[in-house]
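If you want the building blocks of each chain, they are given just below.
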Amino acid sequence: MRDVNKRLADVKEKLEQKIRHPYLLKNIGSPLIDEDKLLLLLAVLEQLNLPESKLEKYAVTTMLVQIALDTHELVSNEKLKPEDLKERQLTILAGTYYSALYYHILSKLEDVKMIRSLATGIKNVNENKITVYQKDPEAVDTLMRSVRKIESSLFDRYTEQLDDPDWGEFAANFLFVKRLIAEKELFMKNQSSVVFSAMKTILYPSNHVNEPSNDQQNHLLIAYDKYLDHTIQLLQKYASKLPLMNGLLAQRTESIINQHRSAAITFVEEG
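This text gives an overview of the structure that appears in the document. Within each chain, residue numbers correspond to sequence positions counted from 1 in written order. Whole-chain, interface and lining totals are the exception, using all residues; otherwise, since this is a predicted model, local features are given only for residues with pLDDT of at least 70 and side-chain atom pairs are given and counted only at 80 or more. To obtain the side-chain values, all non-hydrogen atoms of the structure were included, while hydrogens and water were left out.

## Considerations on the overall build of the protein
At step 1: Tallying secondary structure elements over the protein gives 11 helices and 0 strands in all.
At step 2: In this text, helices come from DSSP runs of H or I with a minimum length of four residues, and strands from runs of E with a minimum of two, each type numbered from the N-terminal end. If you list the helices and strands of the protein from N to C, you get α-α-α-α-α-α-α-α-α-α-α.
At step 3: Residue exposure (1.4 Å probe, protein chains only): buried if accessible area is under 20% of the type maximum, exposed if over 50%, otherwise partly exposed. Taken across its 271 residues, the protein has 44% of its residues classed as buried.
At step 4: Between two residues, a contact is recorded if the distance between any of their heavy atoms is within 4.5 Å. Here the analysis covers contacts within the protein between residues at least 6 apart in sequence; of these, 74% occur between residues at least 24 apart.
At step 5: Computed with a 1.4 Å probe, the accessible areas rest on the Shrake-Rupley method; for each residue, only the protein chains presented here act as cover. As presented, the protein carries roughly 14800 Å² of accessible surface, and 52% of it is formed by carbon and sulfur atoms.

## Considerations on unusual backbone geometry
At step 1: Residue N49 is not a glycine yet carries a positive backbone phi of 55 degrees.
At step 2: Tracing the backbone shows N49 in the loop between α3 (35-47) and α4 (52-73).
At step 3: One non-glycine residue with positive phi stands out, namely N190, at about 60 degrees.

## Some remarks on the packing of aromatic side chains
At step 1: The rule is short: rings of Phe, Tyr and Trp, with Trp giving its six-membered ring, pair when the centres are within 6.5 Å, and they are stacked under 30 degrees, edge-to-face over 60, tilted in between. As enumerated under the stated definition, the model contains 5 aromatic pairs in all.
At step 2: Between the aromatic rings of W167 and F170, the centroid separation amounts to 6.0 Å while the plane-to-plane angle is 90 degrees, which identifies the pairing as edge-to-face. Remark: F170 and W167 occur in helix α8 (residues 165-188); sequence separation between them is 3 residues, near one turn of the helix. The pair formed by W167 and F170 is uniform in burial state, with each residue classed as buried.
At step 3: Relative to Y224, the ring of F196 lies with its centre 4.2 Å away and its plane at 25 degrees, an arrangement referred to as stacked.

## With respect to the packing of helix α1 (residues 4-19) against α3
Between two packed helices, what matters for the description is the angle formed by their axes and the separation of those axes.
At step 1: Relative orientation of the contacting elements α1 and α3 amounts to 115 degrees, with a least axis distance of 10 Å. Of the two possible hands of crossing, α1 and α3 adopt the one that is right-handed. Across the interface between the two elements, V4, R7, L8, V11 and K12 of α1 pack against E35, L38, L39, L42 and E46 of α3.
At step 2: Three residue categories are used. Nonpolar comprises Ala, Val, Leu, Ile, Met, Phe, Trp, Tyr, Cys and Pro, charged comprises Asp, Glu, Lys and Arg, and polar comprises the others, including Gly. The residue makeup of the contact of α1 with α3, split by class, is 6 nonpolar, no polar and 4 charged. Axis definition: a line fitted to C-alpha atoms, over the contacting stretch in the case of helices. Angles run 0 to 180 degrees between N-to-C directions. By definition, any crossing whose near helix is turned counterclockwise from its far helix by less than a right angle is left-handed, and any crossing with a clockwise turn is right-handed.

## Topic: the pattern of salt bridges
At step 1: The salt bridge criterion pairs a side-chain nitrogen of Lys or Arg with a carboxyl oxygen of Asp or Glu, the two atoms within 4 Å. Tallied over the entire structure, the rule returns 16 salt bridges.
At step 2: Between E56 and K14 there is a salt bridge; the shortest N-O distance is 3.3 Å. With E56 in helix α4 and K14 in helix α1, the pair connects residues that are 42 residues apart, well separated along the chain.
At step 3: For E56, a relative accessible area of 10% corresponds to the buried category.
At step 4: With a relative accessible area of 36%, K14 lands in the partly exposed category.

Structural data, given as structure tokens:
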């Protein structure tokens, strides 16, 4: 079994080579590679006992899809000045470019089954994004289920192939916790959070235009933290059921949980 740090570095380097495009790099910068997602993906793929070459190709192609989806998510619908339109257009083009790269790699593998499987994952992600971004959910539970599916649908394509369902639950909760923490950080910094915006619309439908009052903000945080705390409990539960998980992923899991705890303590002290 290859050293996990070496495999992570090798796959990341291959991924960086694929997404490196001089014109895009000059105008909109290089896309972010989420190392936690890559680490999790490699851990799941390792459970499938794939040949090393195939494992790396699946990892690279899946992360290309993830980067493409994340890049398109950066595109806003707000009105822009003419000089800013170029960046938006290039961002859309970049997302499409990363998607095309993944199809190109899988077509070389002649892996029609995997192309179809990932296409299903992409479809699930986009359907749930529509639900969240258009603020369609009528209940917070529905909203949270959609956010969870946005984060986990690509990984589901692999965890569903495992005999151990605990891996699927662990992966989904790992990704969900990361997203919930990221959205909370945006909200606490008074930046735009799609999840908090949707929650506000659900909980305060008559106040969808105005900024929430202090009491409403506190209520939003309390409701939000219930989901976050519950998901962390699930993450810990399923992590404990995977004793053979590699040490680096176990460390990152604990680090993510501690990140939330530290932020919560800081909030209480400052509050």
